[in-house]
Amino acid sequence: MSLLVNGLLSKSLGIRQKARPVRENGFQEERHSEIRKVAFVADYVPRRCGIATFTNDLRGALADQYPGSECVVAAVNDVDTGYEYPAEVRFEIDEQDPESYRRAADFLNFGNFDAISIQHEFGIFGGPAGSHILALMRYLDTPVVTTLHTVLREPNARQLRVINQLDELSARLVVMSETGKQMLQEVYGVRKEKIDLIAHGIPDMPFVDPNFYKDKFGVEGKYVLLTFGLLSPNKGIEYVLRALPDVIRQFPNLVYIVLGATHPSLLRSEGESYRIGLERLTHDLGIKRHVIFHNRFVELSELKEFIGATDLYVTPYLNPAQTTSGTLAYAFGCGKAVISTPYWHAEELLAEDRGLLVPFGEHQPIANGILEILSDETRRHAMRKRAYMLGREMIWSEVAQQYMSSFEKARRTRKDAVRRLIVRTLEEQQRQLPPIRLDHLRRLTDFTGIFQHATYSLPNYAEGYCTDDCARAFLATLLLEDLGHDPRDVLRLGSIYAAFLNHAFDRERGRFRNFMAYDRHWQPEGESDDCQGRAVWALGMCLGRSRQQNLRMWAAGIFGPALSELMNTTSPRAWAFGLLGIHEYLRQLSGDRHVNMAREDLANRLVDLFHRSSRPDWPWFEDILSYDNAVLSHALILSGRWTDHEQAFDIGIRSLRWLAELQRAPSGHFRPIGSAGFYRYGGNRAEFDQQPIEAYGMTAASLEAYRCTNESWWLDQAWSAFEWFLGRNDLSQPVYDAGTGGCRDGLHVDRANQNQGAESTIAFLLARAEMGLIESTLSAFRQPEDPGLPAAVVTTHFEAGTVKI
């Protein structure tokens, strides 16, 4: 028996009771604490989310048990409009805005709170693996108690990094199961004495016969099965439905209630397709008279009545890696017989015949289990009694007392800490990035692809589309997805650009056609090696970063043939683009020998090219600096670092440093090589026309150098290149148009080009996304992210199997 269950059971059986004091008049005596002000940071009701419900219940229990303590909430919004919050919500945080978290930290510091309670789940905070919350925590002067609603046995690299930082920045960590506590110690190295084990709270309900409630739902005289919670595919409800025909033959007076609305994240991405599929399955199985889908997010009072009417609660979840289930805790603690698949929390709570465990993903064991428990009334009621007795120490009033104890311990560990001033110098403040606007990108995009050119901010239909720009635009959507931008917007646009790439690919030759007229006919001219390279880069990033399985499968199907044809090209930039795509591909599929050999070959080609062309005063790959220059260095820095090719890495760093120095004006701002003549060795350098693609290329390459070396000089170069877009340039004019969300096509000697075409707009968005990712990482971790990390999988509640009520 686990320590948690053993401890709770011994208390519920009278071995150690901690009853709340009662006054002579029969009223419960108020509890008192040294903690006078507590702030909760999480999502919050009326948002439909298990964490929101948990936070509301915990805050309410603390306010009720400790009326002398003020309990307020800083709520995280996942929609721009926010929610109609109750009065206790004092501050709202924009989920995807790092600066919003820093403002929240200032609010909490000004508020003179005694403790901060953070409810952590990877999917509710912005940034890779929910890392934005770390930016808030770094600015706090108040001790933090972090409740971990998900503890993973096999975290990816980003998730591991986030949990390690939560450990560093929290005074206490709370978990809800013994399994979670053990994993924190064994997987994450958290000290045992820092962990508080507090069960998931439950409402206090009397132990009554289910028939008392059944008339409220018109199910008198019937056996009632119940599954509740936000609906999503990992719930496994289809297996219960397939089990019912066998059960109904023996118990024709049975009804199965599926209670709960579809998970909001699933609803936004897929609509009601999962629920409709379940309803269709119910029809096909001929059990429509025995199944009720109650498509609502019910309040606690109504939920208690549903639970009260239940004879048998079923949790057929499909994900074993679940240390906490609020729905299981509610049903179990309220004295219900339970059948469940053996996810971690269920294994722990239902041991020793406190419930029945059945295998994952099989309907027949569920049918057998239901028949077994319904046929044995004595055993069913014994299960109920054991669960109810154990649940007495899980009711919210007792859980609130344990949380207050955790807050008090946290405060004692930090009471001598020196409070920092909230006012910060410019050097101490994080530099501000303009908000991401996709207005002009949408304006340039139709159902076919993205138009190459614009007249001012109007799409120029006459110039049609090109694969180069669609590949760049697809790259931008993938980076924005990684950054946490609105997934609906990003997926819609990304799917258009991916479809264009798919159509552009000539499968017989392995080549990408480049130019398409407005009438959707391919043009015979313009096929280029660089286009092939950029397309391979986009495909590789799709495989390495996208969370859309269908897009990844599509990209996998053409990446190999496209890469094989790329190996026949002669353009150094095509090789460099290909190397960037190969790196992204190998983040997920590192064992692919063919692709690894291609990376080695292409890197060596660039190294050989450098040796043939470089001179002591010209450490470069060619006799000319032309366009998209920095990508050559970028490719060698990345490939050299991750293949231990020291020579390639050194050449990449040396050549990029030379290019950065060459492109720095005397005043210190970024001055790219102009496209009106470029810069040939021994000749005169073209100062204009300056192109946005050069500013993006230097931004991205400098950030790669920073991640690989941790030298702050490179971060300064990235900022210098990025600020070229914002007006820190030779003309002191912004190239990025904040009014339209587009980017002007460059700088002439006397003015900015007012046309806002695809290449320039995408160059800005790519640079903005890259800067957003690095600044998000730095605000959370204070150091660059390892560029070899696998793509982050920002885990939503339903993906992680952690959906609560």
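Residues numbered from 1 in each chain as written. Predicted model: local features only at pLDDT ≥ 70, side-chain atom pairs only at ≥ 80, totals over all residues. Heavy atoms only, no water.

So, on to the overall build of the protein chain. Looking only at helices and strands, the protein chain has 29 helices and 23 strands in total. The C-alpha extent of the protein chain, read off along each of the three principal axes, is 95 × 65 × 45 Å. Relative to its full complement of 805 residues, the protein chain shows a buried share of 62%. Within the protein chain, counting contacts between residues at least 6 apart in sequence, those at least 24 apart form 71% of the total. In the form shown here, the protein chain has an accessible surface area of approximately 30700 Å², with 49% of it arising from carbon and sulfur atoms. Averaging the coordinates of the 89 positive side-chain charges in the protein chain and doing the same for the 103 negative ones gives two points 4 Å apart. (Helix = DSSP H or I, 4+ residues; strand = E, 2+ residues; numbered from the N terminus. Buried < 20%, exposed > 50% of the residue type's maximum accessible area, 1.4 Å probe, protein only. Contact = heavy atoms within 4.5 Å. Areas by Shrake-Rupley, 256 points an atom, 1.4 Å probe, with all protein chains shown as cover. Lys, Arg positive; Asp, Glu negative; His and termini not counted. Charge placed at Lys NZ, Arg CZ, Asp CG, Glu CD.)

The tally for this structure, following the rule as stated, stands at 33 aromatic pairs. Between the aromatic rings of tryptophan 618 and tyrosine 679, the centroid separation amounts to 5.3 Å while the plane-to-plane angle is 80 degrees, which identifies the pairing as edge-to-face. Residue tryptophan 618 is found in the loop between helix H23 (593-613) and strand E20 (624-625), and its partner tyrosine 679 is found in strand E21 (residues 679-680); the two are separated by 61 residues along the sequence. Since its relative accessible area comes to 2%, tryptophan 618 is described here as buried. Overall, the relative accessible area of 17% leaves tyrosine 679 in the buried class. Ring centres 5.8 Å apart and planes at 25 degrees place the aromatic pair phenylalanine 722 and phenylalanine 764 in the stacked group. (Phe/Tyr/Trp six-rings, centres within 6.5 Å; stacked < 30°, edge-to-face > 60°.)

Let us now look at the pairing of strand E8 (residues 223-228). Counted residue by residue, E8 has five buried out of six residues, so it is predominantly covered. Pairing between E8 and strand E9 (residues 254-259): six bridges, direction parallel. Within the sheet, the bridge partner assigned to leucine 226 lies in E9 and is isoleucine 257. Taken together, E8, helix H8 (residues 237-250) and E9 form a β-α-β motif whose crossover is right-handed. Of the strand pairs in this sheet, E8 and strand E11 (residues 312-315) are connected by two bridges, and their pairing is parallel. Following the sheet pairing, leucine 226 is matched in E11 by tyrosine 313. (Pairing = 2+ DSSP bridges. Right-handed = clockwise from strand over helix to strand, strands pointing away.)

Relative to each other, helix H20 (residues 529-545) and helix H21 (residues 549-566) sit at 145 degrees, their axes nearing to 8 Å. Handedness of the H20/H21 crossing: left-handed. Counted together, Gln532, Gly533, Val536, Leu539, Gly540, Cys542 and Leu543 of H20 and Leu551, Arg552, Trp554, Ala555, Ala556, Ile558, Phe559, Ala562, Leu563, Glu565 and Leu566 of H21 form the full contact between these two elements. Per-class residue counts for the contact of H20 with H21 are 13 nonpolar, three polar and two charged. (Axes fitted to C-alpha atoms, helices over the stretch in contact; angles between N-to-C directions. Left-handed = near helix turned anticlockwise from the far one by under 90°. Nonpolar A, V, L, I, M, F, W, Y, C, P; charged D, E, K, R; others polar.)

It is worth spelling out the pattern of salt bridges at this point. A full pass over the atoms with the stated rule returns 52 salt bridges. In this structure, the salt-bridge partner of arginine 411 is glutamate 34, at a minimum N-O distance of 3.8 Å. Pair noted here: arginine 411 is in helix H16 (residues 396-414) and glutamate 34 is in the loop between helix H1 (3-12) and strand E1 (37-42), with a separation of 377 residues, a long-range link. For arginine 411, a relative accessible area of 29% corresponds to the partly exposed category. The class of glutamate 34 is partly exposed, set by a relative accessible area of 33%. Beyond isolated ion pairs, a larger network of salt bridges with shared partners links Arg158, Glu481, Asp482, Arg545, Arg547, Glu584 and Arg587. (Salt bridge = Lys/Arg side-chain N within 4 Å of Asp/Glu carboxyl O.)

A word on unusual backbone geometry. Residue valine 45 is joined to proline 46 through a cis peptide bond whose omega torsion reads 15 degrees. Take proline 46: it is sitting in the loop between E1 and helix H2 (50-65). The peptide bond linking phenylalanine 688 to aspartate 689 adopts the cis configuration, its omega dihedral lying at -5 degrees. Position of aspartate 689 among the secondary structure elements: in the loop between E21 and helix H26 (692-709). Phi angles above zero are rare outside glycine, and aspartate 353 is one such case at about 60 degrees.

A few words on the sheet that holds strand E13 (residues 356-357). Ordered in space as E10-E9-E8-E11-E12-E13, the six strands form an open sheet in which the pairing is parallel. The sheet terminates laterally at strand E10 (291-294) and E13, the two strands that pair on one side only. Set on the sheet, helix H12 (residues 326-333) makes contact with E8, E11 and strand E12 (337-340); between it and E11 the angle comes to about 165 degrees. Sheet strands in contact with helix H15 (residues 377-391) are E8, E12 and E13, and its direction is about 95 degrees off that of E12.

This part takes up helix H11 (residues 300-308). Where H11 is concerned, the buried positions are Leu303, Phe306, Ile307 and Gly308. On its buried side, H11 packs onto helix H7 (211-214), E8, E9, E10 and H12.

Turning our attention to the confidence of the model for the protein chain. In the predicted model, the protein chain carries a mean pLDDT of 89, and the fraction of residues at 70 or more is 92%. Confidence drops under pLDDT 50 across residues 1-27; counting only partners more than four residues distant or on other chains, this segment forms 47 contacts. Contacts from residues 791-805, a stretch scored under 50 in pLDDT, to residues over four places away or in other chains number 76 contacts. (pLDDT = per-residue confidence, 0-100.)

A separate point is the pairing of E11. Here E11 shows a buried face lined by Leu312 and Val314 and a second buried face lined by Tyr313 and Thr315. As paired strands, E11 and E12 are joined by four bridges and run parallel to one another. Pairing of tyrosine 313 across the sheet is with valine 338, part of E12. Following the backbone out of E11, through H12 and into the adjacent parallel E12, one traces a crossover that is right-handed.

If you trace the backbone, aspartate 353 turns up in the loop between helix H13 (344-349) and E13. For the pair formed by aspartate 353 and glycine 218, sequence separation is 135 residues and the distance between their alpha carbons is 31 Å. Beyond its immediate sequence surroundings of up to four residues, aspartate 353 is in contact with Arg379, Met383 and Arg386. At 3.0 Å, the side chain of aspartate 353 and the side chain of arginine 379 are in polar contact. (Polar contact = N/O pair within 3.5 Å; in protein donor to acceptor, adjacent residues only side chain to side chain.)

A few words now on the side chain of serine 655. Structurally, serine 655 can be placed in helix H25 (residues 646-662). Excluding anything up to four places from it in sequence, serine 655 contacts Phe610, Pro619, Trp620, Phe621 and Ser633.

Another point: the sheet that holds E1. In a beta sheet, neighbouring strands pair by backbone hydrogen bonds and run either parallel or antiparallel. Taken together, the seven strands give an open sheet; going across it, the order is E3-E2-E1-E4-E5-E6-E7, and neighbouring strands pair in parallel fashion. Of all strands in the sheet, those with a lone pairing partner are strand E3 (89-94) and strand E7 (195-197), marking the two edges. Going across the sheet, the axis of each strand differs from the next one's by a mean of 20 degrees, ignoring polarity. Of the pairings in the sheet, the one linking strand E4 (residues 115-120) to strand E5 (residues 144-148) comprises five bridges and is parallel in character. Across the sheet, residue histidine 120 finds its bridge partner in E5, namely leucine 148. The strands that helix H4 (residues 132-139) touches are E1, E3, E4 and E5; relative to E4, the one it contacts most, it runs at about 170 degrees.

All right, on to the state of the cysteines then. Going through the model one piece at a time under the given rule, you end up with zero disulfides. Residue cysteine 542 stays outside any disulfide, its sulfur separated by 14 Å from that of cysteine 470, the closest cysteine. With a relative accessible area of 0%, cysteine 542 lands in the buried category. (Disulfide = S-S within 2.5 Å.)

With respect to the helices, strands and loops of the structure, methionine 698 is situated in helix H26. Expressed as a C-alpha distance, the spacing of methionine 698 and phenylalanine 670, which sit 28 residues apart in the sequence, is 9.4 Å. When neighbours within four sequence positions are excluded, methionine 698 is seen to be in contact with Ala630, Leu656, Leu659, Ala660, Gln663, Phe670 and Ala721.

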